[in-house]
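Inside the fold
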Amino acid sequence: MSPPDTDLLHSLSAELSERLKDLLDQTLLGMIRPNSASQFARHAPELEKFREAITRSEAEDNIDFLQNFREFVPTTNYEPYRPYIAKFFATPCKESDVKNMFAPGLPYCLAVSSMTSGKSAKTFPTYRPAPHLLHHPLYLSLPHSEGSTLSPSSLGLWQVLTLECEDGQSSKVLPVCSVTVGFLRMQMNWEVEHDKDRLDLWVPGKTDPFAISLVKSYRAFFILNALFALSDRRVATVRFLFASVFVNFLQYVEEEWPLLVDCIEKGIIPDMENMDHVREPLEKHFTANPLRAAELREIGPPSIQGWAVRVWPDLKTFIGITGGSAAASVPKVTHVLGPSVAMQAPCYGSSECYIGLPYYNGDPNTDFKVLPVDGVIEFLDVHSDEPLERVLSAWELVTGGHYEPVLTTRNGLWRYRIGDVVTVKGFAPDDGLPVVNYLHRRDGGLEMAFGATCTESQLTNAIVSASKRSIGQIIDFTIVGDERDTPITYGYLVEIGGEVGEDAKMAIQQTFEDLMANNEFRVAFWQGRARKPTIRLVEKGTFTEYRRQKCDKTNISMGQVKVPIILSDPTFKEWFLQRVIMEL
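Only a predicted model underlies this, so the values are computations on that prediction, with no experimental measurement involved.

**Description of the overall build of the chain**
- A count of helices and strands for the chain gives 19 helices and 22 strands.
- The C-alpha atoms of the chain give 25 Å as radius of gyration, which agrees with the globular expectation for 584 residues (25 Å, within 12%).
- For the chain, the spread of C-alpha atoms along the three principal axes comes to 75 × 70 × 50 Å.
- Per-residue burial over the chain gives 57% buried out of 584 residues.

**Considerations on a nonpolar patch on the surface**
- A grouping of V500, I581 and M582 is seen on the molecular surface, where their side chains present a nonpolar patch of about 250 Å² in accessible area.
- Within the secondary structure, M582 is located in strand β22 (residues 580-583).
- You can call M582 partly exposed: its relative accessible area is 34%.

**Some remarks on the packing of aromatic side chains**
- A complete count under the given rule lists 40 aromatic pairs for this structure.
- With 6.1 Å between their ring centres and 70 degrees between their planes, F379 and Y403 make a pair best called edge-to-face. Remark: Y403 occurs in strand β15 (residues 402-409) and F379 occurs in strand β13 (residues 375-381); sequence separation between them is 24 residues.
- Within the aromatic cluster, the residues linked to one another by ring pairs are F40, Y78, Y81, Y84, F102, F124 and Y416.
- Sitting above the plane of the F65 ring, R33 keeps its charged end 4.1 Å from the centroid.

**Overview of the packing of helix α1 (residues 14-35) against helix α4 (residues 62-72)**
- At their nearest, the axes of α1 and α4 sit 11 Å apart, and the two run at 80 degrees to each other. As the angle between them shows, α1 and α4 are arranged roughly perpendicular. Mapping the contact onto sequence places D25, L28, L29, I32 and R33 in α1 and N62, F65, L66, F69 and R70 in α4.
- A class-by-class count of the residues in the contact of α1 with α4 yields six nonpolar, one polar and three charged.

**Focus on the sheet that holds strand β1 (residues 93-94)**
- Judged by pairing direction, the sheet is mixed, and its five strands sit side by side in the order β1-β5-β6-β2-β3 without closing on themselves. Either end of the sheet is taken by a strand with one partner, and the two such strands are β1 and β3 (123-126).
- Bridge count for β1 against strand β5 (residues 159-164) is two bridges, and the pairing is parallel. Note that in β5 the partner of K94 across the bridge is E164.

**Description of the pattern of salt bridges**
- Inspection of every chain in the model, using the stated rule, returns 34 salt bridges.
- With a closest N to O distance of 2.8 Å, R185 and D195 form a salt bridge. Of this pair, R185 sits in helix α7 (residues 179-188) while D195 sits in the loop between α7 and α8 (218-231); the two residues are ten residues apart in sequence, bridging distant segments of the chain.
- Residue class for R185 comes out buried when judged on its relative accessible area of 0%.
- Given a relative accessible area of 10%, D195 falls into the buried group.
- Between K425 and D367 there is a salt bridge; the shortest N-O distance is 3.1 Å. Of the two residues, K425 sits in strand β17 (residues 420-427) while D367 sits in the loop between β11 (354-358) and β12 (368-370), which places them 58 residues apart along the sequence.
- The class for K425 is partly exposed, based on a relative accessible area of 34%.

**What about the pairing of β3?**
- Of the two faces of β3, the one lined by T123 and P125 and the one lined by F124 and T126 are each fully buried.
- The sheet contact formed by strand β2 (residues 109-112) and β3 spans four bridges and is antiparallel. Bridged to L110 within β3 is P125.

**Notes on the environment of Q39**
- Assignment of secondary structure puts Q39 in helix α2 (residues 39-43).
- Spatially, the C-alpha atom of Q39 lies 8.4 Å from that of V98, the residues being 59 residues apart in sequence.
- Here Q39 is in contact with Y84, K87, S96, D97, V98, K99, N100 and M101, once residues within four sequence places are set aside.
- One polar contact links the side chain of Q39 to the main-chain carbonyl oxygen of K99, over a distance of 2.9 Å.

**Points about the environment of T408**
- Tracing the backbone through its elements, the reader meets T408 in strand β15.
- As a C-alpha pair, T408 and G491 span 83 residues in sequence and 38 Å in three-dimensional space.
- Residues in contact with T408, not counting those within four places in the same chain, are L28, M31, I32, F69, G375, V376, E378, L413, W414 and R415.

**Focus on the sheet that holds strand β4 (residues 148-150)**
- Overall, parallel pairing links the four strands, which are arranged β4-β7-β8-β9 in an open sheet. Two strands close off the open sheet at either side, each with one partner strand: β4 and β9 (342-344). Adjacent strand axes in the sheet meet at a mean angle of 20 degrees, parallel and antiparallel pairs treated alike.

**Description of helix α15 (residues 456-471)**
- Taken residue by residue, α15 has E456, S457, L459, T460, A462, I463, V464, A466, S467, S470 and I471 as its buried positions.
- Positive backbone phi, approximately 130 degrees, marks G472, located one or two places after α15.

**Comments concerning empty space enclosed by the protein**
- Scanning the entire structure with this criterion turns up three cavities of 30 Å³ or more.
- Empty space within the largest cavity amounts to approximately 70 Å³.

Rules used throughout
Residues numbered from 1 in each chain as written. Predicted model: local features only at pLDDT ≥ 70, side-chain atom pairs only at ≥ 80, totals over all residues. Heavy atoms only, no water. Helix = DSSP H or I, 4+ residues; strand = E, 2+ residues; numbered from the N terminus. Rg over C-alpha atoms; globule rule 2.2 N^0.38 Å. Buried < 20%, exposed > 50% of the residue type's maximum accessible area, 1.4 Å probe, protein only. Patch = residues over 30% accessible without salt bridge, like charges linked within 9 Å, V, L, I, M, F, W, Y side chains within 5 Å. Areas by Shrake-Rupley, 256 points an atom, 1.4 Å probe, with all protein chains shown as cover. Salt bridge = Lys/Arg side-chain N within 4 Å of Asp/Glu carboxyl O. Phe/Tyr/Trp six-rings, centres within 6.5 Å; stacked < 30°, edge-to-face > 60°. Lys NZ or Arg CZ within 6 Å of the ring centre and 35° of its normal. Axes fitted to C-alpha atoms, helices over the stretch in contact; angles between N-to-C directions. Parallel < 35°, antiparallel > 145°, perpendicular 65-115°, else oblique. Contact = heavy atoms within 4.5 Å. Nonpolar A, V, L, I, M, F, W, Y, C, P; charged D, E, K, R; others polar. Pairing = 2+ DSSP bridges. Polar contact = N/O pair within 3.5 Å; in protein donor to acceptor, adjacent residues only side chain to side chain. 1 Å grid on protein atoms, 1.4 Å probe; cavity = no way out; pocket = protein on both sides within 12 Å on 5 of 7 lines; lining within 4 Å. Points joined across faces, edges and corners; volume = space filled by probe spheres on them.

Right, here's the structure in full:
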């Protein structure tokens, strides 16, 4: 389905610019006024000049307060927050020690990052939003659907912390989990202590009963979700956080197709590891359906184009991130869905902050309207020549410019840099809010010994283009430094679905030509400091197994595990290289 023509404004009128400024100023005040009384804001050295400035100003003067924020609050990274967040992990942890740490009260949970880079986990406090915002579309974990929704939800927790209450007699539980799990629990009032009491629950409109969300085995989680989804003919919406995880789901469906269909025919829950605690409630929900099994046998496993709409005739929408590292999976996803299913991203954001929603008067896969709900977003011009980076407000942006978002959040982050690079598509005509496309990580290039850095998006686009022209249908990929010859170069490790293309050997030259569009790489090549990239194919199922191992190792939510475009973990690099089956 072709996206509609955009209605975006190229620039803001004076009137719309002033309206946008008023909106963002009021939202910013609503966040930093209460958060300025937090432990972090009162003691962090980074905010010392801000504290001194507001002490000298009129306490109730909002104009002065905002001016002091913009003049005296520097950009921050994770390090200033680390010692304050560590207090939540102290043993014992007293409520009085962590109350009002970053925002008023106690957080609902600590959101843990996906650890894609292989570095240690970062955790961020997530406080319950105001009641009127809790079910805002930006936070919506379960999309509205006319029929059933296939949206696997793993409620697994990275850790559960205990806070000793101020009365000295009782305690509170603080879950550490992905931000999506935290908001799902928040919206559904699913407190951790009562999970076992909900084993018989089945939320209307979802294909998966609650009990599946507590399964810890990666394989069993996806097979059980597939079993219940395939037995339900009414699925109208499919939602995965990443398109690449949907491809993992399809691989399990293909591998276990005979088992899944037999179980649907006989009404049997298959025997799998680590699921004894949920078998009984799942068996209550699952009944034999020989007619559906016969229908599925006739359709066959997910290899034909449009398979999904044959299995689920009412399917209208696929929701999932298709950019960044998930871009390589898009051809497989579109092949399975067919042309009639609309695709859109769920949102743009991170563990630190939800930033924007798809802009439907553009391309809902890539265009995001920046919304001041979870935070107020400012920007750094990544191409600026100024010695000190100046923080820009939304009304100062230029269409086509490249910027790094800077977050000031209701959860107590102050001008926090997330390291993304976005480009501005234009401004929404109704309120002037910017609409952006995500490009890549600011520091995400694999800097070779010759000093030339291609961005993640350039590296991704090159291999996706080569796959369409010659390699075959890519399932997933990652890149390591290939040091088998000198100089070091980009070493692609690629998994494909189906047969290797007849012209696959051409992929090296095609990828090389695309990377030569990068001026630094091109100069380094002509100076003999760079060479052509390499492409090696890995065996089928490699990336599914990687996700399983990463999930087991880090204990993060199954749907949150993503493959890094640049793989820096030496252990996993060696593991991937052991699974190489062919070099192009």
